[in-house]
Amino acid sequence: MQTRYTGFHAVEERLRRYGTEKKHSAQLHILYSKAGPRVKKILALAKEYGVSSESVDDRILDEQVRSLPPEARDHRGIVLIAEGEDGKADRTVQLEQWLSVCPDEATVVILDGVTDPHNVGAVLRSCDQLGACLLITGERRSASNIQDNEVIARSSAGASAYVPVSVVTNLARAAGQLKDAGFWIYGADMGGTPIQQVSFAAKTCIVMGSEGSGISRLLEEACDQIVSIPTCGRIDSLNVSVAAGIILYERRRQGL
């Protein structure tokens, strides 16, 4: 399988992950056309890790990104090609295996029905910056099938290289497994307890539903508490990635 990374953040973070791998999962090669300051920094990192690079015309880069989603075609003069990479395997873990080594204090995020890969990427970025250990998504009704991985990687500004993702067949069952492992499940929805009044548990799972239909019924029934973000605007909801970032910040602000 061939994966192409575009955007300075996504390319640089894929390189850094390559540099920390004990056994390389893919062969990397960089194509570039404009050796500006950011590209030079990336090329120096590539040289340090033994990754080959090649100067090419912009038309070759344009051809490399032609089949990517529109949002990933702005290559900024550099494209990283990973040959033999299983994009899903690189970032996914089995929930049971992860729970067997879960720390005593941990934050997990469940995304229920979030189909926009931009939102998934933005949530991954917040997970990385605000200390969440794992992102869980469903096989159905989600953007986690990683055919969208170029968009997710770009939207996450490289965080997708670091935050583990578990893709499960049944989110309600996954919530039950988390509860059995000592997690308290917080569902985010309007009308819940304001987050500043919530004392988050040492093991916290935050469930974020889609902006259209919210959290599915079975998963909501698995939640221990519904929490909300007090707002003062005229529209009825926040973007799911923004809301996830606010709740994760409050969780971190409490010192967890």
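This text follows the structure it describes.
Fair warning: this is a prediction, and the values are worked out from it, not measured in the lab.

Is there a simple way to think about unusual backbone geometry in this case?
At Arg76, a position not held by glycine, the phi torsion is positive, near 60°. Inspection of the secondary structure assignment puts Arg76 in the loop between α3 (58-65) and β4 (78-83).

How do you make sense of the sheet that holds β4 when you look at a structure like this?
Two strands in a sheet stick together by hydrogen bonds in their backbones, pointing the same way (parallel) or opposite ways (antiparallel). The sheet built from four strands is open, its strands ordered β1-β4-β2-β3 with mixed pairing. Edge positions in the sheet fall to β1 (2-6) and β3 (52-55), since each of these pairs with one other strand and no more. Strand-to-strand twist in this sheet, taken as the mean axis angle between neighbours without regard to direction, amounts to 20°. Examined bridge by bridge, strand β2 (residues 27-32) and β3 share four bridges and lie parallel to one another. Of the residues in β3, the one forming a bridge with Leu31 is Glu54. Of the strands in this sheet, β1, β2 and β4 touch helix α1 (residues 8-20), which is tilted by about 125° from β1. Running at roughly 150° to β2, helix α2 (residues 37-48) makes contact with β2, β3 and β4 of the sheet.

Looking at this model, I keep getting lost on the packing of helix α6 (residues 117-130) against helix α10 (residues 240-253). Mind explaining?
The angle between the axes and the distance between the axes are what describe a pair of packed helices. Where α6 meets α10, the closest approach of the two axes is 9 Å, and the angle between their N-to-C directions is 10°. Relative to α10, the element α6 lies roughly parallel. Across from Asn119, Ala122, Val123, Ser126, Cys127, Gln129 and Leu130 in α6, the residues of α10 making contact are Val240, Ser241, Ala244, Gly245, Leu248, Tyr249 and Arg252. A class-by-class count of the residues in the contact of α6 with α10 yields eight nonpolar, five polar and one charged.

Can you walk me through a nonpolar patch on the surface in this structure?
A grouping of Leu238, Val242 and Ile246 is seen on the molecular surface, where their side chains present a nonpolar patch of about 200 Å² in accessible area. Mapped onto the secondary structure, Ile246 falls in helix α10.

What should I look at first to understand the packing of α1 against α2 in this one?
Put simply, α1 and α2 touch, their axes get as near as 10 Å, and they point 15° apart. Looking at the two axes, α1 sits roughly parallel to α2. Considering only the axes of α1 and α2, their crossing is left-handed. Contacts from Phe8, His9, Val11, Glu12, Leu15 and Arg16 in α1 reach Arg38, Val39, Lys41, Ile42, Leu45 and Ala46 in α2.

Got a minute to help me understand the nonpolar core in this structure?
Side chains of nonpolar character tend, in soluble globular proteins, to be buried together. If you look at the biggest cluster of nonpolar residues, it comprises 27 residues, and the most contacted ones within it are Val109, Leu111, Leu135 and Met208. Within the residue set of this core, elements represented by two or more residues are β5 (106-112), α6, β7 (165-168), β8 (184-194), β9 (203-209) and α10. Apart from the residues lying within four places of it in its own chain, the contact partners of Met208 are Val109, Ile110, Leu111, Asp112, Val114, Ala188, Val240, Ala243, Ala244 and Ile247. Counting residues in each nonpolar core, the second largest holds 22 residues, with Val168, Phe183, Cys205 and Leu219 among its members.

What am I meant to see in the environment of Ile215 here?
Within the element layout of this structure, Ile215 appears in the loop between β9 and α9 (217-222). A residue is classified by how much of its surface remains accessible, and Ile215, at 7% relative accessible area, is buried. Along the sequence, Ile215 and Gly113 sit 102 residues apart, while their C-alpha atoms lie 7.9 Å from each other. Filtering out sequence-adjacent residues up to four positions away, Ile215 remains in contact with Asp112, Gly187, Ala188, Val207, Gly209 and Glu220.

What am I meant to see in the pattern of salt bridges here?
In this structure the tally under the stated criterion is nine salt bridges. The shortest N-O distance in the salt bridge between Arg66 and Glu63 comes to 2.9 Å. Put simply, Glu221 and Arg217 hold a salt bridge, and the shortest N to O gap is 3.1 Å. Of this pair, Glu221 and Arg217 are both found in helix α9, four residues apart, which corresponds to roughly one turn of the helix. The class of Glu221 is exposed, set by a relative accessible area of 52%. Here Arg217 falls in the exposed class, since its relative accessible area comes to 56%.

The rules we used
Residues numbered from 1 in each chain as written. Predicted model: local features only at pLDDT ≥ 70, side-chain atom pairs only at ≥ 80, totals over all residues. Heavy atoms only, no water. Helix = DSSP H or I, 4+ residues; strand = E, 2+ residues; numbered from the N terminus. Pairing = 2+ DSSP bridges. Axes fitted to C-alpha atoms, helices over the stretch in contact; angles between N-to-C directions. Contact = heavy atoms within 4.5 Å. Parallel < 35°, antiparallel > 145°, perpendicular 65-115°, else oblique. Nonpolar A, V, L, I, M, F, W, Y, C, P; charged D, E, K, R; others polar. Patch = residues over 30% accessible without salt bridge, like charges linked within 9 Å, V, L, I, M, F, W, Y side chains within 5 Å. Areas by Shrake-Rupley, 256 points an atom, 1.4 Å probe, with all protein chains shown as cover. Salt bridge = Lys/Arg side-chain N within 4 Å of Asp/Glu carboxyl O. Left-handed = near helix turned anticlockwise from the far one by under 90°. Core = buried A, V, L, I, M, F, W, Y, C linked by side-chain atoms within 4.5 Å. Buried < 20%, exposed > 50% of the residue type's maximum accessible area, 1.4 Å probe, protein only.

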